[in-house]
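Below are the chains, spelled out letter by letter.
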Amino acid sequence: MNAIDTSLSSRPATGNLAGAVADLFGELGLSLADDLGSDLKVFSPIDGSALATLKMHRAADMDTMVANAGAAFLAWKQVPAPHRGELIRRYGQLVREHKEVLSRLLTIENGKILTEARGEVQEVIDICEYAVGLSRQLFGLTIASERAEHRLTEYWHPLGTLGLISAFNFPAAVWAWGTTVALVCGDSAIWKPSEKTPLTALAFGKLLQKAAADYEFAPDHLVRVAIGDAECGGIIADHPGIKIVSATGSVRMGQDVGVRVQRRFGRAVLELGGNNAAIVAPSADIGLALRGTIFAATGTCGQRCTSLRRLIVHDSIRTGFVKRLIATAASLRIGSPLVDETHVGPLIDKAAFDAMQRALEQARREGGIVHGGERIDLEGSPDAYYVRPAIVEMPAQSEIVREETFAPILYVLSYTDIDEAIALQNGVPQGLSSCIFTNDVRESERFQSALGSDCGIVNVNIGTSGAEIGGAFGGEKVTGGGRVSGSDSWKNYMRRVTATVNYSTSLPLAQGVKFDLDID
Ligand code: NAD
C-alpha cells in the first residue's frame with residue numbers, strides 16, 4: 001500500500017488539497033470569494049476529497065452574460081486585430097509567469113500527472129504565441145474576375161460571441177485553443193467548462209480577465225466563465241446571442257448540441273470522442289513502437305480524446321510484441337500525480353471506474369483475455385479510483401472495441417496484410433487519430449493516402465496522442481468534423497465577405513447575362 005503524497009514539493013506537505021487550492025489561487029493573486037456557493041461540489045480525483053463548492057450560473061445569469069458579451073463584441077471588433085493580439089501576448093506572459101502554480105492546480109483538480117499538466121499549460125502559452133502571430137495574418141484572397149476592370153476579393157470580419165463548452169480531460173488547453181484565436185479574430189467569449197474541472201477554468205479565465213482589465217482597448221465582459229452542468233451547456237447551444245458554439249466532449253453531447261445549434265442556424269464546431277488505433281507493421285522499430293503505444297494508451301490514465309484504444313499488430317510479431325506490452329503496462333508506477341516518478345494518476349471519478357469495469361466485463365464476454373485493469377487501493381483514499389491499465393487480447397473487432405471507453409484499456413487485434421489493417425483501423429464509428437509504426441515507405445504512404453486512414457490525424461512512427469498546436473486538430477465521422485484550432489481554423493471564428501468592385505464605366509453582368517436598358 002502506498003500513501004498518497006500531496007506535498008507540493010516547493011512547499012510544506014499540507015495533505016489538504018482544498019487548502020492547497022486556496023493557496024494556489026492566492027499565489028495567482030486571484031480570489032474565489034464571489035464564486036463560492038452551494039450548487040456544485042468539486043472533488044479531487046487524487047484522494048476524492050472536496051476542493052470547493054461553487055455557485056452555478058442559471059438561465060437569467062446566462063442571459064445577462066450573453067447580453068454583456070454581445071456589447072463587448074461591438075466594441076472589440078473595432079479594435080485593429082494586431083492590437084487585439086497584444087491582449088493575448090500579455091495573457092500568455094501571465095500564464096508563463098504562473099506556469100508551475102497553474103500546473104499544480106490542474107493536477108489537483110483533474111488528476112493528470114504533473115509533467116502532463118505542465119505540458120497542457122505550455123500548450124496554453126504556445127497557443128497564445130500562435131494567436132499573437134495570427135493577429136497580423138487574418139488574410140483574405142484576391143480572385144481573378146471574369147469582368148474587365150472589376151476586382152473580386154474575399155475577406156474576413158469578426159463574427160460575434162463564442163460559447164465554448166469543454167470537457168474535463170483538457171481543462172485549460174481546449175479553451176485556450178478556441179478562445180485566444182477567437183479573441184484575435186475580434187469575437188467575445190463565454191466559457192462553460194466541465195462541471196468536473198471548474199476551478200482550473202476559473203483560474204485561467206480570471207487571469208485573462210485580469211489581463212483584459214489592464215488593457216485599455218479591451219472592453220468589460222470580453223471574456224467570462226459560466227459555471228454549470230449540461231443544462232448550462234444547453235443554454236449556450238440554444239442562445240441566439242451566441243454565434244459560434246465550440247463544443248468538446250462525448251459524441252452524445254455533440255449529437256445534442258450540434259442539432260440545437262443547427263436549429264437556430266448558429267455555427268457549431270464539434271470536437272467529440274475518438275477510438276484511435278495504431279498499426280504495428282513487421283518492419284517497425286519495435287522499441288519505438290512499444291514506447292509510443294504505451295504512452296498513448298496510458299497517458300492521462302487513458303482519458304485523452306486521442307488515447308490509443310486499439311492496437312492492430314502484424315501476426316508475425318504479435319506474440320513477442322504483446323508479451324512486452326503486457327510486461328511494460330504491469331511495471332508502470334501508479335499513484336499520486338503530484339509525485340514526479342508516477343506514470344499513471346487516477347481516473348476522474350467512480351463513474352469512469354465503473355464504465356471501465358463494465359467494458360472489461362463485456363470484452364471478456366466477447367472472447368477477450370484481460371491483462372490488468374484492476375483497481376489499485378492507495379492508503380487513505382477510498383474515494384479515489386486508481387487502476388492498472390488493461391491490455392485486452394481480442395479475437396475480433398467486436399462491439400465493445402468499436403466503442404470509446406474513457407479509461408486505459410488497449411484492445412489488441414492482429415492482421416496479415418496492410419489493407420486488412422487499414423480496414424480494421426477505419427472500421428469504427430469514430431475518426432479522430434490514427435498511426436502506423438513502419439519502416440516500409442509504401443505502407444507509410446498508403447496509410448496516409450486516400451486509401452488509408454479515414455481520421456483527421458494520421459501519424460507515422462508516433463503514437464496517436466500529443467498533437468502540436470500548429471496543425472488543425474479534429475476528426476471525422478462521429479468525432480464531429482470540427483477543427484477548433486491550428487492551421488486555418490481561425491476561419492471558424494469569423495464571417496467571410498465576398499466583395500466585387502467595378503471600377504469601369506460599364507456594367508457587364510456575370511455569365512454574359514444581357515439586361516439592356518435605355519438609361520444614360
Ligand atoms: P461530456 O460530453 O460528458 O462533457 C463535455 C462538456 O459538455 C461538459 O462541459 C458538459 O457539461 C457538457 N455537456 C454534456 N452534455 C451536454 C448537453 N447535452 N448539452 C450541452 N452541454 C453538455 O464529456 P467529458 O466526460 O467531459 O469528456 C470526455 C469526452 O470528451 C470523450 O468522449 C473525449 O473523447 C471527448 N473529448 C474530445 C476531444 C476532441 O478534441 N475531439 C477533446 C477532449 C475530449
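Residues numbered from 1 in each chain as written. Predicted model: local features only at pLDDT ≥ 70, side-chain atom pairs only at ≥ 80, totals over all residues. Heavy atoms only, no water.

S.K.: Explain unusual backbone geometry residue by residue, including any values.
M.R.: Positive phi, normally seen in glycine, also occurs at histidine 221, with a value near 65°. Positive phi, normally seen in glycine, also occurs at threonine 300, with a value near 55°. Relative to the elements of secondary structure, threonine 300 occurs in the loop between helix 10 (286-298) and strand 11 (308-314). A residue is classified by how much of its surface remains accessible, and threonine 300, at 5% relative accessible area, is buried. (Helix = DSSP H or I, 4+ residues; strand = E, 2+ residues; numbered from the N terminus. Buried < 20%, exposed > 50% of the residue type's maximum accessible area, 1.4 Å probe, protein only.)

S.K.: Outline the sheet that holds strand 9 (residues 267-271), listing residues and values.
M.R.: Taken in spatial order, the 5 strands of this open sheet run 7-6-5-8-9, and their pairing is parallel. Only two strands of the sheet have a single neighbouring strand rather than two, namely strand 7 (223-225) and strand 9. Each neighbouring strand pair of the sheet contributes to a mean axis angle of 15°, computed without reference to strand direction. Note that strand 5 (residues 161-165) and strand 6 (residues 188-192) share 5 bridges and pair parallel. In the strand pairing of strand 6, leucine 164 is matched with tryptophan 191. (Pairing = 2+ DSSP bridges. Axes fitted to C-alpha atoms, helices over the stretch in contact; angles between N-to-C directions.)

S.K.: Can you lay out the site of the ligand for me, pointing to particular residues and giving the numbers?
M.R.: Looking at the ligand, there are 28 residues lining it, with Lys192, Glu195, Ser250, Asp256 and Glu404 nearest. A distance of 2.7 Å separates an oxygen atom of the ligand from a polar side-chain atom of glutamate 195. Burial of the ligand by the surrounding chains reaches 89%, relative to a free accessible area of 840 Å². Put simply, the parts of the chain that give the shell around the ligand at least two residues each are helix 8 (230-238) and helix 9 (251-263). Looking at side-chain class alone, the shell around the ligand contains 12 nonpolar, 10 polar and 6 charged residues. (Near = heavy atom within 4 Å. Polar contact = N/O pair within 3.5 Å; in protein donor to acceptor, adjacent residues only side chain to side chain. Areas by Shrake-Rupley, 256 points an atom, 1.4 Å probe, with all protein chains shown as cover. Nonpolar A, V, L, I, M, F, W, Y, C, P; charged D, E, K, R; others polar.)

S.K.: Give a detailed account of the sheet that holds strand 3 (residues 141-143), specifying residues and quantitative values.
M.R.: Spatial strand order, 3-4-21: 3 strands in an open sheet with antiparallel pairing. Every other strand in the sheet has two partners, leaving strand 3 and strand 21 (494-502) as the edge strands with one partner each. Across the sheet, the mean angle from the axis of one strand to that of its neighbour is 25°, orientation sign disregarded. Relative to strand 4 (residues 150-158), strand 3 is paired through 3 bridges, and the arrangement is antiparallel. Directly across from threonine 142, in strand 4, lies its bridge partner threonine 153.

S.K.: Can you lay out the packing of aromatic side chains for me, pointing to particular residues and giving the numbers?
M.R.: In total, this model carries 8 aromatic pairs according to the counting rule given. Here tryptophan 177 and phenylalanine 473 contribute two aromatic rings whose centre-to-centre distance is 4.8 Å and whose plane-to-plane angle is 50°, an arrangement assigned as tilted. With tryptophan 177 in helix 6 (residues 173-184) and phenylalanine 473 in the loop between strand 19 (457-460) and strand 20 (476-477), this pair connects stretches of sequence that are 296 residues apart. Residue classification places tryptophan 177 among the buried residues on the basis of a relative accessible area of 9%. Counting every residue linked through ring pairs, the aromatic cluster contains Tyr91, Trp175 and Trp191. Between lysine 112 and the ring centre of phenylalanine 170, over which it is positioned, the NZ or CZ distance is 3.7 Å. In this structure, arginine 375 packs its charged tip against the face of phenylalanine 353, placed 5.7 Å from the ring centre. (Phe/Tyr/Trp six-rings, centres within 6.5 Å; stacked < 30°, edge-to-face > 60°. Lys NZ or Arg CZ within 6 Å of the ring centre and 35° of its normal.)

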